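Summary of structural features
For reference, the chains in residue letters:
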Amino acid sequence: MPELARTSPSRAAPPPPPRAPGSGEILRTLFATPRSALLTIGSVVLVVWAIPGLLRFFIFDAVWSASDGGPCRAPAAGACWAFVAHKLPYFTYGSYPLHEHWRVNLVFGIGAMLVAWLLTPKAAWRRLGAGLFFALYPMLAFVLLWGAPGLGLPRVGTDLWGGILVTFVVAAFGIVVSLPLGIVLALGRRARLPALRLVSIAFIEFMRGVPMIAVLFMASTMLPLFIPERLAPDRLVPPLIGVALFASAYMAEVVRGGLQALPKGQSEAAKALGLRFWSMQRLVILPQALRLVIPAIVNTFIGLFKDTTLVATVGVFDFLRSVDSARLDPNWAGPTITPTAYSFAALFYFVCSSGMSRYSLFLERRLSR
Amino acid sequence: MADTSQRFADAGAVEIAGLNKWYGDFHVLRDIDLVVGRGERIVICGPSGSGKSTLIRCINGLEEHQQGRIVVDGIELTRDLAAIENVRRHVGMVFQHFNLFSHLTVLENCTLAPIHVRKLPKGEAEDLARQYLERVRIADQAHKYPAQLSGGEQQRVAIARALCMSPSIMLFDEPTSALDPEMVKEVLDTIIGLAEEGMTMLCVTHEMGFARQVANRVIFMDGGEIIEINRPDSFFSAPRHERTKLFLDRILR
């Protein structure tokens, strides 16, 4: 048919039904060659061998309630969850005075509400929520946790803070500081002013070139040299700042990646419309650049969250350190205490980190229209 | 003291004198002299790398020039950021690749600069934007995102976005080069409509039919120089310069 001119319109046909692989097909794939057959059998054996033991230890043989370590020392006893339950206040508040725990709970509760507000897409008044979270909430949290004797809140020194409280304070401070500071550093690194560029590059490369523990040691030994003596001797503030600055350097590189991935036409169009530098960044460049690097930003947040465990090296009682010291309590001493304690710590970090990771996936899916 | 804007009030919309520009060692614009009158429509053509895009990008300060004078609407472009920003408020630009802001809807693309540069209230900016979107016949798509539009539609939105700043001069940098052939006409018709209303415009394009229809003068550039400036009828029927003839032979066939 060398020539053709259609006379009748073609009709759109429905697509054929999707083809699901049959069980025979799956089996054929799993046993396609001797080697894949061996791998299949090996994997099944491994799972069958490992799962029952884990289930027995963590669930069936676990000790769920006990008032001391006695039941956990029984020969066949599994994980000692009673120990975790008993120590939970210590894991959460450290040595924060018992009758002041409500202050910490209030800070956690308000924080959780604000975070939920901010992280819900299309929530009403998100701008107000952001203002409360970034301006009012830190001050409120500081007053509540630190104390204000004038308001009837006795002072609680940071040497008494510990556990999840400290982990969350360090992580939240790091996250809240590192994103804006990272953005400023990233813009500085791309600035046309040589001095600005040099300062940004020097800061970023120094922080990235030094182990976090070194930054923490430097912060705790050097920061007091610059601060008036009567303000200095706090233990928590230097590592707090150290963690935030360290994370900012990594955040700066992440943000720079986003800035570089954005086509130049976007900034040209913004300039051609007469937008000034900061309006252009705020309204056109950053919303798009940050969106491009959400996975890497969340990755940095997760890294920061886990890195908070390093503050223990400068004498701050974070969550992991509390778990670590609680397992030495002679009342609970026993062979299952250490695995239980560390499993619980792992579970805690996993739940928090994967929560962040799930949220970032959700956000990406929502934004990829 | 003479007010500078007063001094140039009767001058052309764009005055370029002795303009030279280098990219590193590469001499990309050489001794450009050009005066564009108010309401005048200029088409600039030439082979790729001839400096035509660079020339119009100098007019709103997207490119810095090293020598010479550029005066736009009575404001001289210097390194002074305030002067550059002032010029950009009065000069609209349309790009080859549209450069719409992909995170904003069509309407938000159009209201962004009016709200944040002209400081119009949001409602007023939206009315203005709807009016111009109506004009480029795309008002029904106001709540879509750029990625949901065809190339021709995106370019028309880009034109509306520029018009929302009420520019006195429009620059077009190959506005139809990135479009599928069947969308070229809708964009050109929009630009022709603007031309008929007396907008001052400089347009880099290879659409010779368009040049013939709307241009007051056609400029041919090659190797960073203006080779020929001519009225469109004589530019096409009797080009004076050898290189112009060669170029026209190649593109018109």
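Residues numbered from 1 in each chain as written. Chains lettered and ligands numbered in written order. Predicted model: local features only at pLDDT ≥ 70, side-chain atom pairs only at ≥ 80, totals over all residues. Heavy atoms only, no water.

1. Focus on the overall build of chain A
The secondary structure content of chain A amounts to 14 helices and 0 strands. The C-alpha radius of gyration computed for chain A amounts to 27 Å, which surpasses the reference 21 Å derived for 369 residues by more than 25%, pointing to a less compact arrangement than a globule. Its C-alpha atoms put chain A at 95 × 65 × 40 Å along the principal axes. Considering only intrachain contacts with a sequence separation of at least 6, the fraction spanning at least 24 residues in chain A is 68%. Of the accessible surface of chain A, which amounts to about 21,400 Å², a share of 70% is contributed by carbon and sulfur atoms. (Helix = DSSP H or I, 4+ residues; strand = E, 2+ residues; numbered from the N terminus. Rg over C-alpha atoms; globule rule 2.2 N^0.38 Å. Contact = heavy atoms within 4.5 Å. Areas by Shrake-Rupley, 256 points an atom, 1.4 Å probe, with all protein chains shown as cover.)

2. Some remarks on the pattern of salt bridges
Residue and element names in this part refer to chain B. The tally for this structure, following the rule as stated, stands at 29 salt bridges over all chains. Residue Glu174 pairs with Lys52 through a salt bridge whose shortest N-O separation is 3.9 Å. One end of the pair, Glu174, is in the loop between strand S7 (169-173) and helix H7 (181-196); the other, Lys52, is in helix H2 (residues 52-59), with 122 residues separating them in the sequence. Judged by relative accessible area, which is 4%, Lys52 ranks as buried. Between Glu242 and Lys245 there is a salt bridge whose closest N-O contact spans 3.7 Å. (Salt bridge = Lys/Arg side-chain N within 4 Å of Asp/Glu carboxyl O. Buried < 20%, exposed > 50% of the residue type's maximum accessible area, 1.4 Å probe, protein only.)

3. Focus: the packing of helix H6 (residues 151-163) of chain B against H7 of chain B
All names here are of chain B. Two elements in contact, H6 and H7, have axes separated by 8 Å at closest approach and are oriented at 20°. Taken together, the axis directions place H6 and H7 in an arrangement best described as roughly parallel. The hand of the H6/H7 crossing is right-handed. Between H6, through Gly151, Gly152, Glu153, Gln155, Arg156, Ile159 and Leu163, and H7, the contact on the second element is made entirely by Met183, Glu186, Val187, Thr190, Ile191 and Leu194. (Axes fitted to C-alpha atoms, helices over the stretch in contact; angles between N-to-C directions. Parallel < 35°, antiparallel > 145°, perpendicular 65-115°, else oblique. Left-handed = near helix turned anticlockwise from the far one by under 90°.)

4. Section: the packing of aromatic side chains
A complete count under the given rule lists 25 aromatic pairs over all chains for this structure. With a centroid separation of 5.7 Å and 25° between ring planes, the pair formed by Phe91 of chain A and Phe344 of chain A is classed as stacked. A residue pair is termed long-range when its members are at least 10 positions apart, and Phe91 of chain A in helix H3 (residues 81-93) and Phe344 of chain A in helix H14 (residues 337-367) qualify at 253 residues. Each member of the pair, Phe91 of chain A as well as Phe344 of chain A, carries the same accessibility label: buried. It is Arg161 of chain B that lies over the ring of Phe101 of chain B; its NZ or CZ is 4.5 Å from the centre. (Phe/Tyr/Trp six-rings, centres within 6.5 Å; stacked < 30°, edge-to-face > 60°. Lys NZ or Arg CZ within 6 Å of the ring centre and 35° of its normal.)

5. A few points about the domain arrangement of chain A
Assigned domains within chain A: domain 1 (35-65) and domain 2 (84-96 + 156-367). A C-alpha centroid distance of 36 Å is found between domain 1 of chain A and domain 2 of chain A. (Domains from an automatic or database assignment.)

6. Observations regarding the interface of chain B and chain A
Each partner contributes residues to the interface: chain B has 22 residues there, and chain A has 19 residues. For the pair chain B and chain A, the summed buried surface comes to about 1,900 Å²; carbon and sulfur atoms form 58% of the total. Taken together, the links from chain B to chain A amount to 3 salt bridges. Close ionic contact of Glu85 of chain B with Arg276 of chain A constitutes a salt bridge, the shortest N to O distance being 2.8 Å. Between chain B and chain A we count 8 residue pairs in polar contact (both at pLDDT 80 or more) in total. Within the residue set of the side of chain B that touches chain A, elements represented by two or more residues are helix H3 (81-90), strand S6 (91-94), helix H4 (106-116) and H6 of chain B. No other element matches H4 of chain B, which puts 3 residues into the side of chain B that touches chain A. Classifying every residue of the side of chain B that touches chain A by side-chain character gives 12 nonpolar, 5 polar and 5 charged. (Buried area = accessible area lost by both parts, 1.4 Å probe. Polar contact = N/O pair within 3.5 Å; in protein donor to acceptor, adjacent residues only side chain to side chain. Nonpolar A, V, L, I, M, F, W, Y, C, P; charged D, E, K, R; others polar.)

7. Describing helix H4 (residues 101-119) of chain A
Every α-helix winds through 3.6 residues per turn, so residues three or four apart in the chain are directed the same way. Residue and element names in this part refer to chain A. In this model H4 runs 27 Å from its N-terminal to its C-terminal C-alpha over 19 residues, within 8% of the 27 Å that 1.5 Å per residue would give. Residues of H4 that are buried: His101, Arg103, Val104, Val107, Gly111, Leu114 and Leu118. The buried residues of H4 occupy an angular sector of 165° when projected down its axis, which confines them to one face. Taken together, the buried residues of H4 touch H3, helix H5 (126-146) and helix H6 (163-189). (Expected span 1.5 Å × (residues − 1). Arc of directions from axis to C-beta.)

8. Notes on a positive patch on the surface
Together, Arg127 and Arg282 of chain A together with Arg89 and Lys119 of chain B line one region of the surface with positive charge. Secondary-structure assignment places Arg89 of chain B in helix H3. Taking the relative accessible area as the measure of exposure, Arg89 of chain B reaches 33% and is therefore partly exposed. (Patch = residues over 30% accessible without salt bridge, like charges linked within 9 Å, V, L, I, M, F, W, Y side chains within 5 Å. Lys, Arg positive; Asp, Glu negative; His and termini not counted. Charge placed at Lys NZ, Arg CZ, Asp CG, Glu CD.)

9. Digging into the state of the cysteines
Applying the stated rule across the entire model yields 1 disulfide over all chains. A disulfide bridge connects Cys72 of chain A with Cys80 of chain A, and the sulfur atoms are separated by 1.9 Å. Residues Cys72 of chain A and Cys80 of chain A are joined through a disulfide that is right-handed, its torsion about the S-S bond being 65°. Residue Cys72 of chain A shares its accessibility class with Cys80 of chain A, and that shared class is buried. Take Cys58 of chain B: it sits in no disulfide, and the sulfur closest to it among the cysteines is that of Cys203 of chain B, at 17 Å. Cysteine Cys164 of chain B remains unbridged, with the sulfur of Cys110 of chain B as its closest cysteine sulfur at 4.6 Å. (Disulfide = S-S within 2.5 Å.)

10. Describing the pairing of S7 of chain B
Residues and elements named next belong to chain B. Burial analysis of S7 places 5 of its 5 residues in the buried class, the great majority of the element. What you see with S7 is no split at all: Ile169, Leu171 and Asp173 on one side and Met170 and Phe172 on the other are buried throughout. As judged from the 5 bridges shared by S7 and strand S8 (residues 200-204), these two strands associate in the parallel manner. By the bridge assignment for S8, Phe172 is matched with Cys203. Regarding topology, H7 serves as the crossover connection from S7 to the parallel S8, and that connection is right-handed. (Pairing = 2+ DSSP bridges. Right-handed = clockwise from strand over helix to strand, strands pointing away.)

11. Details of the sheet that holds S8 of chain B
Residues and elements named next belong to chain B. With mixed pairing, the 6 strands of this open sheet are ordered in space as S6-S7-S8-S3-S9-S10. Each having just a single partner strand, S6 and strand S10 (225-230) make up the two edges of the open sheet. On average, adjacent strands in this sheet sit at an angle of 20° to one another, irrespective of strand direction. Across the sheet, H6 is in contact with S6 and S7; its angle to S6 comes to roughly 170°. The strands touched by H7 within the sheet are strand S3 (41-45), S7 and S8, with S8 carrying the most contacts at an inclination of about 150°.

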